[in-house]
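# Commentary on secondary and tertiary structure
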Amino acid sequence: PFHAEQIQKMGLKGTVATFVTPSSSFSAHVSIPGDHMISNALAGVAVGYALGMKDEEIIRGIEKLVPIAGRNNLIEAEHYTIIDDCYNANPVSMKASIDVLAHTSGRRIAVLGDMGELGAEERELHRSIGKAVAASGIDALFCAGTLAEEYASEAKANPECEVHYKRTREEMTEELLAYVKEGDTVLVKASHFMESPKVVEALTKE
């Protein structure tokens, strides 16, 4: 019985949706972008309903959602917008973040590092992210790391996407800083061991 309908994506401003419970329906704004955030909000609605909360209380709870540093955190730098999603990375969250980036304005740049702890299928899973980048229509991919080469090889299938691969994060960051310009939207995402917050730090100093 719990579901969301009339979902309106608002790019980096998040999503507005109508949430339906067994006894009511109401509209709420989820400020963090991404389809997965609607699922999270829906789980919150179900819990609130089970606890006997009023619709107004549930709406307030949803609309108070704010991202924490490194988790889909939006940084309005002086010249461009950064989606800081460095906290961690797995194939599902990586694809969700690429989808968020694809719905933004200006040049859309993904800065991706390796995903950790994926076991025997790690190369195939990294290739699947490269394919997602190619299919998303974003403008550029910057990547670094041992496995990130798989992103680059698959993303090149889309000639419209500029692909930049470097072995180290430092070399990639240097190339990225020379590339970004006014009005760009930059997604930064990788597993924690890649130390991607240093990329965000370099971008915010520009």
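The structure contained in this document is the topic of the report that follows. Computed from a prediction, not measured in an experiment: that's the story for all the values here.

## Quick word on the overall build of the protein chain
The helix and strand inventory of the protein chain stands at 7 helices and 9 strands. Taking the principal axes of the C-alpha coordinates as reference, the protein chain spans close to 55 × 40 × 30 Å. Across the 206 residues of the protein chain, 49% fall into the buried class. A separation of at least 24 residues holds for 57% of the contacts in the protein chain among residues at least 6 apart in sequence. Side-chain charges in the protein chain split into 20 positive and 31 negative, and the spacing between the mean points of these groups amounts to 1 Å.

## Let's talk about the packing of aromatic side chains
Under the defined criterion, the tally for this structure stands at 3 aromatic pairs. Over the face of the ring belonging to Y179 we find R107, whose NZ or CZ atom lies 4.2 Å from the ring centre.

## Section: the pairing of strand 8 (residues 162-166)
Two strands pair when backbone bridges link them, and strand 7 (residues 140-144) and strand 8 are joined in this way by 5 bridges, in the parallel orientation. From the neighbouring strand, A144 faces strand 8, where its bridge partner is K166.

## Some words on the pattern of salt bridges
This model, assessed by the stated rule, comprises 9 salt bridges. In this structure, R108 engages D139 in a salt bridge whose closest nitrogen and oxygen atoms are separated by 3.2 Å. Placement of the pair is R108 in strand 6 (residues 108-113) and D139 in the loop between helix 4 (122-136) and strand 7, with a sequence separation of 31 residues. Taking relative accessible area as the criterion, R108 reaches 15% and is therefore assigned buried. Judged by relative accessible area, which is 24%, D139 ranks as partly exposed. Here R123 ties to E150 by a salt bridge, and the two come within 2.6 Å at their closest N and O atoms. Of the two residues, R123 sits in helix 4 while E150 sits in helix 5 (residues 149-155), which places them 27 residues apart along the sequence. Judged by its relative accessible area of 37%, R123 is partly exposed.

## Points about the environment of I75
When you line up the elements, I75 lands in strand 4 (residues 73-76). A sequence separation of 31 residues divides I75 from G44, and the C-alpha atoms of the two residues are 26 Å apart. Apart from the residues within four sequence positions on either side, I75 is in contact with Y80, T81, I82, D84, V200 and T204.

## Concerning the nonpolar core
With 23 residues, the main nonpolar core has M94, I98, L112, I129, V133, L141 and Y151 as its most contacted residues. Per element, the largest residue contribution to this core is 5 residues, and it comes from helix 3 (residues 91-102). If we skip the residues at most four places from it in the chain, L112 touches M94, I98, I129, V133, L141, F142, C143, A144, A148, Y151, L187 and K189. Counting residues in each nonpolar core, the second largest holds 18 residues, with I82, F142, A144 and V186 among its members.

Rules and cut-offs
Residues numbered from 1 in each chain as written. Predicted model: local features only at pLDDT ≥ 70, side-chain atom pairs only at ≥ 80, totals over all residues. Heavy atoms only, no water. Helix = DSSP H or I, 4+ residues; strand = E, 2+ residues; numbered from the N terminus. Buried < 20%, exposed > 50% of the residue type's maximum accessible area, 1.4 Å probe, protein only. Contact = heavy atoms within 4.5 Å. Lys, Arg positive; Asp, Glu negative; His and termini not counted. Charge placed at Lys NZ, Arg CZ, Asp CG, Glu CD. Phe/Tyr/Trp six-rings, centres within 6.5 Å; stacked < 30°, edge-to-face > 60°. Lys NZ or Arg CZ within 6 Å of the ring centre and 35° of its normal. Pairing = 2+ DSSP bridges. Salt bridge = Lys/Arg side-chain N within 4 Å of Asp/Glu carboxyl O. Core = buried A, V, L, I, M, F, W, Y, C linked by side-chain atoms within 4.5 Å.

What is shown is where atoms sit, not what they do.
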